[in-house]
Amino acid sequence: MTARAGPIGPPPEAGVELLSIDRKPGAATIALVDLDVDAEALKRYASWLDIAERERATRFRNDRDRNRFIARRGQLRELLGRDLGIAPGALRLAEDGYGKPMLLDAPELSFNLSHSNGRALIATARGMAIGCDIEWRNPELACPKVAKRLFAPAEYEELIALPAEQWTAGFYNCWTRKEAYVKALGLGLSYPLDAFTVSIVPGKPARFTSDEKGWAMTSFEPAPGFQAALVTRAGPSPAR
């Protein structure tokens with residue numbers, strides 16, 4: 001597994017260690033991993049997958065997509081296994097009714113995974129709800145039609161008011177922050193993206209602009225051309 005560290009933007013919220021592999025109770029840890037791995041690594045990762053993961057892998061028609069799925073699941077297992085002192089292949093992973101991943105034998109360790117364009121972000125924490133999102137800043141996707149359909153009206157108005165050169169950055173600020181929050185809630189697509197609002201202006205602090213009490217948000221560039229966000233809350237996600 002490869003992890004990258006170094007200056008990546010504004011200082012994180014308290015308790016958040018960006019792109020760190022240091023395990024500390026009460027802190028979130030994020031690892032950025034490459035999904036295009038060599039044949040030896042891919043074989044090792046594939047050997048750790050359970051029956052359900054192997055079945056999912058067979059559904060990919062494209063070799064690249066199938067190999068990237070194996071690489072991200074294998075590296076997720078490697079990271080979690082290292083944290084728990086358990087062999088990666090011995091971990092029992094499952095999903096709840098909303099599709100949120102969980103560890104059957106260590107529910108106190110929360111984790112989340114997001115992937116885009118050959119990279120994956122893996123976030124872990126103990127005693128906290130956690131959600132992360134990474135997106136490659138594709139300017140073709142960052143269009144007004146998509147923004148108006150997915151974002152809250154106030155966010156859309158703020159976005160279209162940005163200078164043209166800040167549009168793409170603002171779009172992905174909004175996208176990643178909202179996705180990270182919904183994933184931290186653990187409610188999947190049942191919770192609409194326009195039910196809450198976030199800050200979007202490039203260079204300004206990442207925060208909720210609606211009343212989402214108790215949640216912390218961090219936004220950063222994990223690698224050139226990518227935007228990411230992490231949302232955490234002490235304790236389990238509250239019922240909405």
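Residues numbered from 1 in each chain as written. Predicted model: local features only at pLDDT ≥ 70, side-chain atom pairs only at ≥ 80, totals over all residues. Heavy atoms only, no water.

K.L.:
Can you walk me through helix α1 (residues 39–48) in this structure?
P.N.:
Because the α-helix completes a turn every 3.6 residues, residues three or four places apart line up on one side. Residues of α1 that are buried: Ala41, Leu42, Tyr45 and Trp48. Considered in projection along α1, the buried side chains sweep an arc of 120° and stay on one side of the axis. Turned more than 90 degrees from where α1 packs its buried face, Ala39, Glu40 and Lys43 sit exposed. Elements in contact with the buried residues of α1: α2 (51–58) and α3 (63–84). (Buried < 20%, exposed > 50% of the residue type's maximum accessible area, 1.4 Å probe, protein only. Helix = DSSP H or I, 4+ residues; strand = E, 2+ residues; numbered from the N terminus. Arc of directions from axis to C-beta. Contact = heavy atoms within 4.5 Å.)

K.L.:
I keep staring at the nonpolar core and nothing clicks. Help me out?
P.N.:
If you look at the biggest cluster of nonpolar residues, it comprises 31 residues, and the most contacted ones within it are Phe151, Leu159, Phe171, Tyr181, Phe208, Trp215 and Val231. Only α4 (144–150), α5 (153–160), α6 (167–185) and β9 (226–234) provide two or more residues apiece to this core. Here this core gets 10 residues from one element, more than from any other, and that element is α6. Apart from residues lying up to four places away in sequence, Val231 is in contact with Ala129, Ile130, Gly131, Arg177, Ala180, Tyr181, Ala184, Phe208, Trp215, Ala216 and Met217. (Core = buried A, V, L, I, M, F, W, Y, C linked by side-chain atoms within 4.5 Å.)

K.L.:
I tried to follow the pattern of salt bridges on my own but got confused; where do I start?
P.N.:
Side chains carrying opposite charge are able to pair once their charged atoms draw close together. Taken as a whole and assessed by the stated rule, the structure comprises 14 salt bridges. The salt bridge partner of Glu95 is Arg56, with a shortest N-O separation of 3.9 Å. Placement of Glu95 in strand β3 (residues 93–95) and of Arg56 in helix α2 is noted, with a sequence separation of 39 residues between them. The shortest N-O distance in the salt bridge between Arg92 and Asp105 comes to 2.7 Å. Linking Arg92 in the loop between α3 and β3 with Asp105 in the loop between β4 (101–103) and β5 (109–116), this pair joins segments that are 13 residues apart in sequence. Here Arg92 falls in the partly exposed class, since its relative accessible area comes to 45%. Given the relative accessible area of 51%, Asp105 is considered exposed. What emerges from the salt-bridge pattern is a single network uniting Asp50, Glu53, Arg73 and Arg77. (Salt bridge = Lys/Arg side-chain N within 4 Å of Asp/Glu carboxyl O.)

K.L.:
Which parts of the structure should I look at to understand the environment of Arg77?
P.N.:
Residue position: Arg77 is located in helix α3. By relative accessible area, which is 0% here, Arg77 ends up buried. Separated by 32 residues in the primary sequence, Arg77 and Tyr45 place their C-alpha atoms 8.4 Å from one another. Polar side-chain contacts of Arg77 include one of 3.5 Å to the backbone oxygen of Trp48. Polar side-chain contacts of Arg77 include one of 2.7 Å to the backbone oxygen of Pro88. (Polar contact = N/O pair within 3.5 Å; in protein donor to acceptor, adjacent residues only side chain to side chain.)

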